[in-house]
Amino acid sequence: MPFSHKHHVGQLGIDCRYCHNGVETSSSAGLPATEICMTCHSQLFTNADMLAPVRASLVGGKPIEWQRVNGVPDFVFFNHAIHVNKGVACETCHGEVDQMPLMRRAHTLSMEWCLGCHRNPEPNLRPPQDVFLMHWQPSADIDQIRRQLIGVLDIHPETMTDCYVCHR
Ligand code: HEC
Ligand code: HEC
Ligand code: HEC
Ligand code: HEC
Ligand code: HEC
């Protein structure tokens with residue numbers, strides 16, 4: 001089933017956490033249960049062909065099997081909550097999803113890509129309350145804020161490239 005972030009995020013303005021509710025507290029962001037879709041679609045577009053898999057999932061009690069877009073190999077340790085709570089935004093890793101009629105990978109997710117930020121995280125940070133925003137514009141004093149965030153959020157760039165951080 002084609003699911004559009006452009007429609008649901010860009011136009012309707014639904015917050016990421018409404019559907020990806022693990023993202024602040026656990027290693028995975030998680031995908032929404034069928035019931036989340038049905039909070040709206042039990043009233044909206046109820047007979048649309050496009051939504052047939054959602055209705056079938058609800059009736060059959062079988063979760064929708066979404067095709068995965070992003071992924072790292074099993075030998076790589078990744079954790080959403082740590083990044084989000086330390087001021088790394090969804091947009092920084094996943095791109096402008098509010099412009100995507102279909103989800104696509106925004107970055108390679110290769111080791112070199114991870115290390116590009118882990119070597120020098122400071123220029124990539126935002127105040128943590130802003131990590132869910134798309135098209136975020138930094139304020140004029142952002143350099144100073146970022147320098148403070150390194151301390152306030154207890155970020156340790158000197159150990160972030162150690163192999164065991166991502167390979168445990
Ligand atoms: C109304 C529900 C909904 C909202 C709101 C929503 N998403 Fe999603 N998201 C989904 C569904 C369903 C999928 C699985 C289908 C797909 O890949 O498009 C998904 C998939 C994704 C994926 C790809 C997962 C994979 O397979 O790798 C990313 C990344 C993502 N969402 C990021 C976001 C971000 C960032 C926001 C907020 C700006 C957001 N989403 C808001 C429902 C939602
Ligand atoms: C907050 C309400 C809300 C939630 C939650 C929601 N939708 Fe929608 N959805 C809408 C609205 C409103 C439209 C119609 C958009 C339009 O055409 O203007 C829509 C349209 C659609 C369409 C038609 C194609 C399109 O993008 O226009 C599909 C398919 C769809 N939604 C799937 C889903 C799925 C799957 C979920 C759960 C992951 C979901 N929706 C969750 C409100 C919602
Ligand atoms: C530091 C980079 C980074 C940030 C920040 C980030 N993600 Fe991800 N995301 C990833 C990677 C890497 C994967 C693949 C994880 C895997 O294979 O285990 C992923 C996978 C996902 C998935 C697929 C389901 C899952 O949990 O594996 C969703 C949905 C998602 N991200 C949503 C979000 C949302 C929403 C935000 C912001 C609140 C966000 N991500 C922030 C890198 C990131
Ligand atoms: C845009 C910046 C950015 C990107 C890209 C990024 N990270 Fe991180 N990562 C961070 C920051 C900031 C921290 C917090 C470090 C700290 O607290 O000292 C972190 C922490 C981590 C931690 C937790 C370390 C710990 O135990 O406290 C792991 C594991 C991790 N990252 C893995 C990855 C992997 C794997 C990728 C690539 C798929 C990745 N990161 C991409 C910025 C990034
Ligand atoms: C910030 C996270 C991160 C750190 C730190 C890190 N790696 Fe990786 N590593 C990855 C990711 C993600 C992959 C899988 C994607 C890829 O192959 O590029 C990977 C893949 C690998 C692979 C498999 C390559 C292949 O071709 O299949 C090896 C070997 C490896 N890493 C060794 C190391 C060593 C040695 C260190 C320390 C010097 C290290 N890594 C530090 C994230 C990291």
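Every value quoted in this text rests on a predicted model; they were computed, and no experiment measured them.

### Section: the site of ligand 3
Next, step 1: The environment of ligand 3 is formed by 20 residues, the closest being Ala29, His80, Cys90, Cys93 and His94.
Next, step 2: The contact in question runs from an oxygen atom of ligand 3 to an N or O atom on the backbone of Ala29, over 2.6 Å.
Next, step 3: In the environment of ligand 3, a nitrogen atom lies 2.9 Å from a nitrogen or oxygen atom belonging to the side chain of His80.
Next, step 4: At the level of secondary structure, the elements contributing two or more residues to the shell around ligand 3 comprise helix H5 (80-85) and helix H6 (90-94).
Next, step 5: Classifying every residue of the shell around ligand 3 by side-chain character gives 12 nonpolar, seven polar and one charged.
Next, step 6: Two domains each provide a minimum of three residues to the shell around ligand 3, namely domain 1 (5-60) and domain 2 (80-166).

### Overview of the packing of aromatic side chains
Next, step 1: All told, the structure shown has one aromatic pair when counted by the stated rule.
Next, step 2: Between Phe3 and Trp66, the aromatic rings sit 6.2 Å apart at their centres with planes inclined by 70°, giving edge-to-face as the arrangement. With a gap of 63 residues between them, Phe3 in the segment before helix H1 (5-11) and Trp66 in the loop between helix H4 (52-60) and H5 connect regions that are remote in the sequence.
Next, step 3: Note on Phe3: relative accessible area 28%, which makes it partly exposed.
Next, step 4: Taking the relative accessible area as the measure of exposure, Trp66 reaches 26% and is therefore partly exposed.
Next, step 5: Over the face of the ring belonging to Phe132 we find Arg17, whose NZ or CZ atom lies 3.6 Å from the ring centre.
Next, step 6: Of note, Arg168 hangs over the ring of Phe77, and the distance from its end group to the ring centre comes to 4.0 Å.

### Here's the deal with the coordination of the iron atom of ligand 3
Next, step 1: Distances from the iron atom of ligand 3 to its protein donors, His80 (NE2) and His94 (NE2), fall at 2.0 to 2.1 Å.
Next, step 2: In this structure, the iron atom of ligand 3 is coordinated by six donor atoms arranged in octahedral fashion, with angles at the metal of 87 to 180°. Taken as a pair, His80 in helix H5 and His94 in helix H6 lie far apart in primary sequence, 14 residues in all.

### Quick look at the coordination of the iron atom of ligand 5
Next, step 1: Bound to the iron atom of ligand 5 are the protein donor atoms Met111 (SD) and His167 (NE2), situated 2.0 to 2.2 Å from the metal.
Next, step 2: Given six donor atoms and angles of 86 to 179° at the metal, the environment of the iron atom of ligand 5 is assigned as octahedral. Of this pair, Met111 sits in helix H7 (residues 111-118) while His167 sits in the segment after helix H9 (163-166), and the two are 56 residues apart along the sequence.

### Thoughts on the domain arrangement of the chain
Next, step 1: Along its sequence, the chain is organised into domain 1 (5-60) and domain 2 (80-166).
Next, step 2: Look at where the C-alpha atoms of domain 1 and domain 2 centre, and you get two points 26 Å apart.
Next, step 3: Contacts between the two partners involve 13 residues from domain 1 and, on the opposite side, 12 residues from domain 2.
Next, step 4: Summed over both partners, the interface of domain 1 with domain 2 buries about 1,000 Å², with 67% contributed by carbon and sulfur atoms.
Next, step 5: It is His5, Lys6 and Val23 in domain 1 that bury the most area against domain 2; as a group they hold 44% of the surface buried on that side.
Next, step 6: Our count for the domain 1 to domain 2 interface comes out at seven residue pairs in polar contact (both at pLDDT 80 or more).

### With respect to the site of ligand 1
Next, step 1: The immediate surroundings of ligand 1 are formed by 20 residues, with His5, Cys16, Cys19, His20 and Asn70 found nearest.
Next, step 2: One of the side-chain nitrogen or oxygen atoms of Arg68 is found 3.5 Å away from an oxygen atom of ligand 1.
Next, step 3: Taking Asn70, its main chain carries an N or O atom lying 2.7 Å from an oxygen atom of ligand 1.
Next, step 4: Only H1, helix H2 (16-19) and H6 provide two or more residues apiece to the shell around ligand 1.
Next, step 5: Each residue belonging to the shell around ligand 1 can be placed in one class, and the counts come to 13 nonpolar, five polar and two charged.

So, how was this worked out
Residues numbered from 1 in each chain as written. Chains lettered and ligands numbered in written order. Predicted model: local features only at pLDDT ≥ 70, side-chain atom pairs only at ≥ 80, totals over all residues. Heavy atoms only, no water. Near = heavy atom within 4 Å. Polar contact = N/O pair within 3.5 Å; in protein donor to acceptor, adjacent residues only side chain to side chain. Helix = DSSP H or I, 4+ residues; strand = E, 2+ residues; numbered from the N terminus. Nonpolar A, V, L, I, M, F, W, Y, C, P; charged D, E, K, R; others polar. Domains from an automatic or database assignment. Phe/Tyr/Trp six-rings, centres within 6.5 Å; stacked < 30°, edge-to-face > 60°. Buried < 20%, exposed > 50% of the residue type's maximum accessible area, 1.4 Å probe, protein only. Lys NZ or Arg CZ within 6 Å of the ring centre and 35° of its normal. Donors = N, O, S within 2.8 Å, 3.2 Å for Na, K, Ca; no water. Tetrahedral: all angles 85-135°; square planar, octahedral: opposite > 155°, others 65-115°. Contact = heavy atoms within 4.5 Å. Buried area = accessible area lost by both parts, 1.4 Å probe.

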